[in-house]
Each structure stands twice: as structure tokens, then as C-alpha cells.
Amino acid sequence: MALEHAILVALSERAGTGYELARGFDRDGGDFWQATHQQIYRVLNRMADGGWVAAEHVAQTGRPDKKVYTVTGAGRVELARWLAEPAQPTHPRDDLAVKIRGASFGDPAAVLTEVERHLAHHAERLAGYEAVERREFADPTALTGHRLHQYLTLRGSITTERGLIGWYDEVRTALRRDSAT
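Residues numbered from 1 in each chain as written. Predicted model: local features only at pLDDT ≥ 70, side-chain atom pairs only at ≥ 80, totals over all residues. Heavy atoms only, no water.

- Going by the annotation in an unreviewed UniProt entry, the name recorded for the protein chain is PadR family transcriptional regulator, with Actinokineospora globicatena given as the source organism.

**Looking at the packing of helix 6 (residues 108-136) against helix 7 (residues 145-180)**
- Their axes nearest at 9 Å, the elements helix 6 and helix 7 cross at an angle of 155°. Judged by the inter-axis angle, helix 6 sits roughly antiparallel to helix 7. Seen from above, helix 6 lies across helix 7 with left-handed handedness.
- Residue composition of the contact of helix 6 with helix 7, grouped by class: 16 nonpolar, 3 polar and 12 charged. (Axes fitted to C-alpha atoms, helices over the stretch in contact; angles between N-to-C directions. Helix = DSSP H or I, 4+ residues; strand = E, 2+ residues; numbered from the N terminus. Parallel < 35°, antiparallel > 145°, perpendicular 65-115°, else oblique. Left-handed = near helix turned anticlockwise from the far one by under 90°. Nonpolar A, V, L, I, M, F, W, Y, C, P; charged D, E, K, R; others polar.)

**Comments concerning the pattern of salt bridges**
- The full count for this structure, using the stated rule, is 11 salt bridges.
- Ionic pairing is found between Glu 114 and Arg 117, a salt bridge with its closest N-O pair at 2.6 Å. Of this pair, Glu 114 and Arg 117 both sit in helix 6, 3 residues apart, roughly one helical turn.
- Across the pair Glu 136 and Arg 135 runs a salt bridge, and its minimum N-O distance is 3.3 Å.
- One continuous salt-bridge network, built from bridges that share partners, spans Glu 78, Arg 81 and Glu 85. (Salt bridge = Lys/Arg side-chain N within 4 Å of Asp/Glu carboxyl O.)

**Thoughts on the packing of helix 1 (residues 3-13) against helix 4 (residues 73-84)**
- Axis separation between helix 1 and helix 4 bottoms out at 10 Å; the angle between their running directions is 120°. Between helix 1 and helix 4 lies a crossing of left-handed hand. Seen from helix 1, the contacting residues are His 5, Leu 8, Val 9 and Ser 12; seen from helix 4, they are Gly 75, Glu 78, Leu 79, Arg 81 and Trp 82.
- The class makeup of the residues in the contact of helix 1 with helix 4 is 4 nonpolar, 3 polar and 2 charged. (Contact = heavy atoms within 4.5 Å.)

Here you go:
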């Protein structure tokens, strides 16, 4: 998925500034999309040039003016086109998996430490996602439309984090057992 489409979805939910988009992506903890502030501003400018978004300049007292972006008709057409396009299945690959596979060629204790660090990171992310779920989606059976789609995205992140935590725990147990032999 291109950042452009993530931004179109976010701005379709609510108009906002580049800063607000970046904060929203950060706040959601990546369950929706991850991007740096610089990437977001660069893409917003390109999208504005392409006619997918429009920016309203809003004067602020004591601070620089801000640009509030909204999706244009052309942006809605592009988003609808992209939503209907088949998505390619993905396969997660990361450095940690390579490190685990190659642990016997280096320092397995260092790899174990890295696995434990990842496990703690993902446990923290899971706790954050579960807090959002409790706070924002108390009765998931009553959800429809946009709120249901937000909830389903969050559930995907929760399920992914639980799976990763389970795998990291399995790897940690195996590496500890292996180092004891």
C-alpha cells in the first residue's frame, strides 16, 4: 500500500494537518500505517499537486499558519479505484528472523537478548492496542460501517501482536534450552 492511500483514508475519516496525520499514525501505534513526518509532508505536497487533496490555509496567532487538508473529488475517485484493486498477499520478512536462523554462526546469547527485546516491544504494543479496544470499542457487535472497519483493523493488529509474542516466546524458550546443553 502506498502512503498516498493511507493518507486518503485518514483524511476521509477527518480533515487534518500533516502534523495531525503524523500524530495519528504514531498514536495508532502502526496498526494503520507508519510514516515519518517528513514522508507525510512530502506526499501531501505531491497529492495536492496531483489534485487528490486540497489545503486550506488557516491563520494562527503566535504560530505559523497551518494547512488543513481535505480529500477532493479526484482523491475520492482514486481511493475508490484503489480499494477495488486486488491486494497482493505479503510475507513478513525481517532482520530478526535472519538473526535467529544464523544464531549458531555468532553469539546465540546476543540473539536471545534481541529476541527478548522484541518480545517486550510487542508486548507493549499489544497492551496499547488492547487499551484502545477497551476504550473505543466496548460493544463490537453493535459496530457497523466505518467504526466496524476501524475495529477490524485494530483486531488485525492485536492478532498479529499476539502471534508474534507467541513466536518470540517459543524462540526464547528454545534458545535458552539450546544454550543450556
